[in-house]
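Listed below are the residues making up each chain.
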Amino acid sequence: MTDLMTRPSRNDDQAGGGHDARSPYGRHRVTYDLPPTHVPPMMVGTPRDPRWMKRIAGGAAILVLIAGGGAGGAYLAEDYLGSSPAQAAAVSAATITETSDLAPIVAKVQPSIVTVLVDSARSSSLGSGVILSADGLILTNNHVIESDGSVSVRLSDGQTVPAEVVATDTTHDLALVQATGLTGLTPVTFATDDSVAVGDTVLAFGAPLGLEGTVTSGIVSALNRSVNTGDEKLSGLLQTDAPINQGNSGGALVDTSGRVIGINVAIATAGDSSGSVGLGFAIPADTATAVVNQLRSRL
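Residues numbered from 1 in each chain as written. Predicted model: local features only at pLDDT ≥ 70, side-chain atom pairs only at ≥ 80, totals over all residues. Heavy atoms only, no water.

**A closer look at the overall build of the chain**
Then comes step 1: Per the secondary structure count, the chain includes five helices and 18 strands.
Then comes step 2: By the burial criterion, 52% of the 299 residues in the chain qualify as buried.
Then comes step 3: Across the chain, contacts joining residues at least 24 apart in sequence account for 68% of those joining residues at least 6 apart.
Then comes step 4: For the chain, the exposed surface amounts to about 12,200 Å²; the carbon and sulfur share of it is 52%. (Helix = DSSP H or I, 4+ residues; strand = E, 2+ residues; numbered from the N terminus. Buried < 20%, exposed > 50% of the residue type's maximum accessible area, 1.4 Å probe, protein only. Contact = heavy atoms within 4.5 Å. Areas by Shrake-Rupley, 256 points an atom, 1.4 Å probe, with all protein chains shown as cover.)

Next up, the structure:
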């Protein structure tokens, strides 16, 4: 059986980063590329269709977790992207697979998780994000916001506000988005990498398949994984068996203290499957916080 690596492809007029959009700080968007680290090659391949890039991988397919409303998008996300905020709230879900002791963690973290939406005349897509500041600075994945289109952020209470991409780091697949007109939000708290061990219980927050407010649980399965999504080569990742799917990108992977230990970025799937098989990957907290500090210093 041939295993494939799946990555939304980018047209030249949809490439993200570096354009002259003005930020709320009165500066141009910052695009910052750190020197790449060496990652052993994992795949070769060619495009299979105009929207999706399929690449052969050794043993698994890597799927970047952005949910699209067009061809290649999950059908639940397609239905959801055409719905109203009231309908969106109606399909909100929370799935816990461990004990009821996790409920207080969910209640603590959920207000700090957002859905990031990108809409254009040609397509719509969504991912997730975490709140960094009370006035609406959001951390998400770069691949969530890299296509052209208007950006908005939906809070856990269903409120949707306009937003703007203010900084990107394509090397680590991270981006900062500033939501407008917000105050009093609850920022996440980040853990440090040395607090994470294989076997730790974790919760994954986000909007898989457009189902906002979803929480799943699992464990840290491995440390220091490297994956190649086709556009990015990411290393030092956390691996988890907490179920995550398209739409989880940019959401939080948290520990049992409610601290963010990683930012969800990709899953491995078998063959042409696009669903979770218990092999998810997250950018570790130390990497995320270092990138955030560097990007914020340039705003």
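**Some points on the confidence of the model for the chain**
Then comes step 1: Averaged over all residues, the pLDDT of the chain equals 75, while 65% of them reach at least 70.
Then comes step 2: In the model, residues 1-60 has pLDDT below 50 throughout and makes 157 contacts with residues more than four positions away in sequence or in other chains.
Then comes step 3: The low-confidence segment residues 69-98, where pLDDT is below 50, has 56 contacts with residues more than four positions distant or belonging to other chains. (pLDDT = per-residue confidence, 0-100.)

**Some remarks on the pattern of salt bridges**
Then comes step 1: The tally for this structure, following the rule as stated, stands at two salt bridges.
Then comes step 2: Of the charged contacts, one joins Arg-154 and Glu-212 as a salt bridge, the two residues approaching to 3.0 Å between their closest N and O atoms. Of this pair, Arg-154 sits in strand β10 (residues 150-154) while Glu-212 is found in the loop between β13 (201-206) and β14 (214-228), placing the two residues 58 residues apart along the sequence.
Then comes step 3: Given the relative accessible area of 9%, Arg-154 is considered buried.
Then comes step 4: Arg-259 is the partner of Asp-255 in a salt bridge, and the nearest nitrogen-oxygen pair spans 3.0 Å.
Then comes step 5: On the accessibility criterion, Arg-259 (29% relative accessible area) is partly exposed. (Salt bridge = Lys/Arg side-chain N within 4 Å of Asp/Glu carboxyl O.)

**Things to note about the pairing of β13**
Then comes step 1: Taken across its six residues, β13 has five buried, putting it largely inside the fold.
Then comes step 2: Across six bridges, β13 lies against β14 in antiparallel orientation. What sits directly across from Ala-204, in β14, is Thr-216.
Then comes step 3: As paired elements, β13 and strand β16 (residues 252-254) share two bridges and run antiparallel to each other. From the neighbouring strand, Ala-204 faces β16, where its bridge partner is Leu-253. (Pairing = 2+ DSSP bridges.)

**A few points about the nonpolar core**
Then comes step 1: By size, the foremost hydrophobic cluster in this structure holds 34 residues, and its most contacted members are Val-130, Leu-139, Leu-176, Leu-203, Phe-205, Val-254 and Ile-263.
Then comes step 2: If one sorts the elements of this core by residue count, strand β17 (residues 260-269) sits on top with five residues.
Then comes step 3: Excluding residues that lie within four positions of it along the chain, Val-254 makes contacts with Ile-105, Val-109, Thr-201, Val-202, Leu-203, Phe-205, Arg-259, Val-260 and Ile-261.
Then comes step 4: Ranked by size, the runner-up nonpolar core spans 18 residues in total, among them Val-114, Val-116, Leu-155 and Ala-175. (Core = buried A, V, L, I, M, F, W, Y, C linked by side-chain atoms within 4.5 Å.)

**A closer look at the pairing of β10**
Then comes step 1: Counting buried positions along β10 yields four of five residues, so the element is predominantly enclosed.
Then comes step 2: Pairing of strand β7 (residues 113-119) with β10, which is carried by five bridges, proceeds in the antiparallel orientation. Paired with Val-118 across the two strands is Val-151, which belongs to β10.
Then comes step 3: With four bridges connecting them, β10 and strand β11 (residues 160-169) associate as antiparallel partners. The partner of Ser-152 across the bridge, within β11, is Pro-162.
Then comes step 4: Taking the residues between adjacent antiparallel strands as the criterion, β10 and β11 are bridged by five residues, where Gly-158 takes a positive phi near 95°.

**Structural notes on the side chain of Asp-169**
Then comes step 1: Its place among the elements puts Asp-169 in strand β11.
Then comes step 2: Side chain to side chain, Asp-169 and His-172 meet in a polar contact 3.0 Å long. (Polar contact = N/O pair within 3.5 Å; in protein donor to acceptor, adjacent residues only side chain to side chain.)

**Structural notes on unusual backbone geometry**
What is expected of a backbone is that most residues other than glycine have negative phi and most peptide bonds are trans.
Then comes step 1: At Asp-173, a position not held by glycine, the phi torsion is positive, near 55°.
Then comes step 2: Within the element layout of this structure, Asp-173 appears in the loop between β11 and β12 (174-179).
Then comes step 3: Of note in the backbone geometry, Leu-209 takes a positive phi value of approximately 55° without being a glycine.
Then comes step 4: For Leu-209, the location among the structural elements is in the loop between β13 and β14.

**Digging into the environment of Val-291**
Then comes step 1: Turning to its location among the elements, Val-291 is positioned in helix α5 (residues 285-296).
Then comes step 2: The exposure class of Val-291 is buried, given its relative accessible area of 1%.
Then comes step 3: Sequence separation between Val-291 and Thr-168 is 123 residues, and the spatial gap between their C-alpha atoms is 9.3 Å.

**Here we look at the environment of Gly-218**
Then comes step 1: In this structure, Gly-218 sits in strand β14.
Then comes step 2: Classification of Gly-218 by relative accessible area gives buried; the value is 4%.
Then comes step 3: For the pair Gly-218 and Thr-240, spaced 22 residues apart in the sequence, the C-alpha separation amounts to 6.8 Å.
Then comes step 4: Beyond its immediate chain neighbours, meaning those up to four positions away, Gly-218 contacts Asp-200, Thr-201, Val-202, Asp-241 and Ala-242.

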